[in-house]
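# Reading the structure
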Amino acid sequence: MTDKPILPPSSLRLTIDRGALAANWRALDTLSGAAKAGAAVKADCYGLGVDACVPVLRDAGCETFFVAHWSEVATVAAHVPPNQVSVLHGVLSGAECDYARATGAVPVINSLDQAERWTASGGGRCHLMVDTGISRLGIAVGEAGDPRIAALDIDILMSHLACADEDSPMNARQLAALRGVAGAITHRRLSLANSAGIGLGSGYALDLTRPGLALYGGVPRAELVSAIRPVAQVQAAILQTRMLSAGDSVGYNAAFTAPAAMAVGTVSLGYADGFLRSRGPGNALHYEGRRLPILGKVSMDMVVVDLTAAPELSAGDWLDVPWNITDAAQQNSLSPYEMLTVIGRRLRAI
Ligand SMILES: *Cc1c(COP(=O)(O)O)cnc(C)c1O
């Protein structure tokens, strides 16, 4: 009989500040006024991990969770009642209706076809998305009176803002359009605001808000700056150090050549972990606040850093990887949403 091998600690770690995540949800719930905040937990909680984040959101008081795909239901429903899980892509087939019924998760109906399919499969509680200007998913405002909509048992009637992170006249237009259609469709709750929408003010909160990004530390509007705390911290260990001589090159395509002798370290972090190639030269990792510039190209599982500022470091020492989704995102021309959702699976320890 052999014991199950014990997995040694990883050379990469993503630390989730659970207190900050809970505080962010509570702050967004408070900013939502009389409305209740839900949570967008799609894409594995924006890359931070459902198993780490959903229990925290649940314990903070969240009761409505949004994913995009049916494949995302089971991991979320492992932590919360399935009827609190809503699937934004809706029901594209009879098989998806069957899966909804079997799991108890709730579809967001997006079209007259989806409405008909859901009713034909037995109907029951659902949500309804109305397109008020983003032109992605949802029935058109003009379809509100269709008998296929009247046949639905709608809990949340919702729409999605296109420009909530800007002071655009489109925001008020979308709010008015949703309010207009709400009189024509029987529903229990009304919902419009994502994270940025909460920053637009209590007029947008309606009955339920749907923050995602801000829960995880993103700040899409200045009104949210003081309310939101960073949640994710990434660290990677040095795997090996070496001394380069003048003329030695580093990494694929020999993109960096040492101008003089220098100490370098190879770090356990690469683009497979979401540290994309766009974060190569010009960027740095940090050790106790000291800047360790990245040399050459980012590889799949490794980067090489200049250890001139911290020559005492050796294999096993941990470096801080900047994952500041408000600043670094700008520097690297990645949106904060992208910076989070590309976080690789190897970083999800729990
Ligand atoms: C992703 C999503 C949200 C959350 O948006 P954030 O900008 O991350 O707050 C809310 N509603 C819908 C329909 C979404 O797809």
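Residues numbered from 1 in each chain as written. Predicted model: local features only at pLDDT ≥ 70, side-chain atom pairs only at ≥ 80, totals over all residues. Heavy atoms only, no water.

## Quick word on the side chain of H160
For H160, the location among the structural elements is in the loop between strand 9 (153-158) and helix 8 (169-182). There is a polar contact of 3.2 Å between the side chain of H160 and the side chain of R210. Residue contacts for H160: discarding those within four places in its chain leaves M129, T132, I134, R136, Q174, L192, N194 and R210. (Helix = DSSP H or I, 4+ residues; strand = E, 2+ residues; numbered from the N terminus. Polar contact = N/O pair within 3.5 Å; in protein donor to acceptor, adjacent residues only side chain to side chain. Contact = heavy atoms within 4.5 Å.)

## Quick look at the site of the ligand
The ligand sits among 14 residues. The nearest are K42, Y46, S195, L213 and Y337. The contact in question runs from an oxygen atom of the ligand to an N or O atom on the backbone of G212, over 2.8 Å. For the ligand, whose accessible area on its own is 390 Å², the fraction buried by protein is 92%. Within the shell around the ligand, the residues separate by chemical class into 7 nonpolar, 4 polar and 3 charged. (Near = heavy atom within 4 Å. Areas by Shrake-Rupley, 256 points an atom, 1.4 Å probe, with all protein chains shown as cover. Nonpolar A, V, L, I, M, F, W, Y, C, P; charged D, E, K, R; others polar.)

## What about the domain arrangement of the protein chain?
For the protein chain, the domain assignment lists domain 1 (18-224) and domain 2 (232-341). The C-alpha-based centres of domain 1 and domain 2 are spaced at 38 Å. Taken together, the contact pairs 9 residues of domain 1 with 7 residues of domain 2. Among the residues domain 1 hides against domain 2, the three largest losses belong to Y46, L48 and L213. Together they make up 57% of the total. Applying the counting criterion to the domain 1 and domain 2 interface returns 0 salt bridges. Where domain 1 touches domain 2, the interface holds 0 residue pairs in polar contact (both at pLDDT 80 or more). In terms of residue class, the side of domain 1 that touches domain 2 is made up of 6 nonpolar, 3 polar and no charged. (Domains from an automatic or database assignment. Buried area = accessible area lost by both parts, 1.4 Å probe. Salt bridge = Lys/Arg side-chain N within 4 Å of Asp/Glu carboxyl O.)

## Observations concerning the pairing of strand 18 (residues 303-306)
Taking every second residue as pointing to the same face, both faces of strand 18 are buried, with V303 and V305 on one and V304 and D306 on the other. Direction of pairing for strand 17 (residues 290-295) relative to strand 18: antiparallel, over a ladder of 2 bridges. Its bridge partner lying in strand 18, L295 is registered against V304. (Buried < 20%, exposed > 50% of the residue type's maximum accessible area, 1.4 Å probe, protein only. Pairing = 2+ DSSP bridges.)

## Observations regarding the nonpolar core
Counting residues in each nonpolar core, the largest one holds 95 residues, and the members touching the most others are V41, L57, L128, L157, I185, Y216 and L285. Here this core gets 7 residues from one element, more than from any other, and that element is helix 3 (residues 50-60). Once residues lying within four places of it in the same chain are set aside, the contact partners of I185 are L128, V130, I139, A144, I149, I154 and L157. L244, F256, A258 and L295 belong to the second largest nonpolar core, which has 8 residues in total. (Core = buried A, V, L, I, M, F, W, Y, C linked by side-chain atoms within 4.5 Å.)

## Overview of unusual backbone geometry
A positive phi angle, near 55 degrees, is found at C45, a position not held by glycine. Positionally, C45 belongs in helix 2 (residues 42-46). Classification of C45 by relative accessible area gives buried; the value is 0%. With phi around 55 degrees, Y46 is a residue other than glycine that occupies positive phi space.

## Quick notes on the pattern of salt bridges
This structure, assessed with the given rule, holds 12 salt bridges. Here D167 makes a salt bridge to R221, at a shortest N to O gap of 2.5 Å. Placement of D167 in the loop between strand 9 and helix 8 and of R221 in the loop between strand 11 (208-209) and strand 12 (232-244) is noted, with a sequence separation of 54 residues between them. Taking relative accessible area as the criterion, R221 reaches 7% and is therefore assigned buried.

## With respect to the pairing of strand 19 (residues 318-321)
Residues of strand 19 alternate between two faces, with L319 and V321 buried on one and W318 and D320 left unburied on the opposite face. The sheet contact formed by strand 12 and strand 19 spans 4 bridges and is antiparallel. Looking at the pairing, V234 lines up with V321 of strand 19.

## Topic: the packing of helix 1 (residues 18-31) against helix 3
Between helix 1 and helix 3, the least distance of the axes is 9 Å, while the angle of their chain directions is 50 degrees. If you check the angle between helix 1 and helix 3, you find them oblique. Considering only the axes of helix 1 and helix 3, their crossing is right-handed. Here helix 1 contributes R18, L21, A22, W25 and R26 to the contact with helix 3, which in turn contributes A52, C53, V56, L57 and A60. Residue classes in the contact of helix 1 with helix 3 are distributed as 8 nonpolar, no polar and 2 charged. (Axes fitted to C-alpha atoms, helices over the stretch in contact; angles between N-to-C directions. Parallel < 35°, antiparallel > 145°, perpendicular 65-115°, else oblique. Left-handed = near helix turned anticlockwise from the far one by under 90°.)

## Side note on the packing of aromatic side chains
According to the stated counting rule, one finds 4 aromatic pairs in the structure shown. Between Y46 and Y216 the ring centres are 4.9 Å apart and the planes differ by 35 degrees, which places this aromatic pair in the tilted class. Of this pair, Y46 sits in helix 2 while Y216 sits in the loop between strand 11 and strand 12, placing them 170 residues apart in sequence. A single burial state applies to Y46 and to Y216, both of which are buried. Ring centres of W70 and Y99 lie 6.2 Å apart, and the angle between their planes is 85 degrees; this geometry places the pair in the edge-to-face category. Placement of the pair is W70 in the loop between strand 4 (65-67) and helix 4 (73-77) and Y99 in helix 5 (residues 94-103), with a sequence separation of 29 residues. Looking at W70, the relative accessible area reads 8%, which means it is buried. Its guanidinium or amino end placed over the ring of W118, R101 lies 4.3 Å from that ring's centre, counting from NZ or CZ. (Phe/Tyr/Trp six-rings, centres within 6.5 Å; stacked < 30°, edge-to-face > 60°. Lys NZ or Arg CZ within 6 Å of the ring centre and 35° of its normal.)

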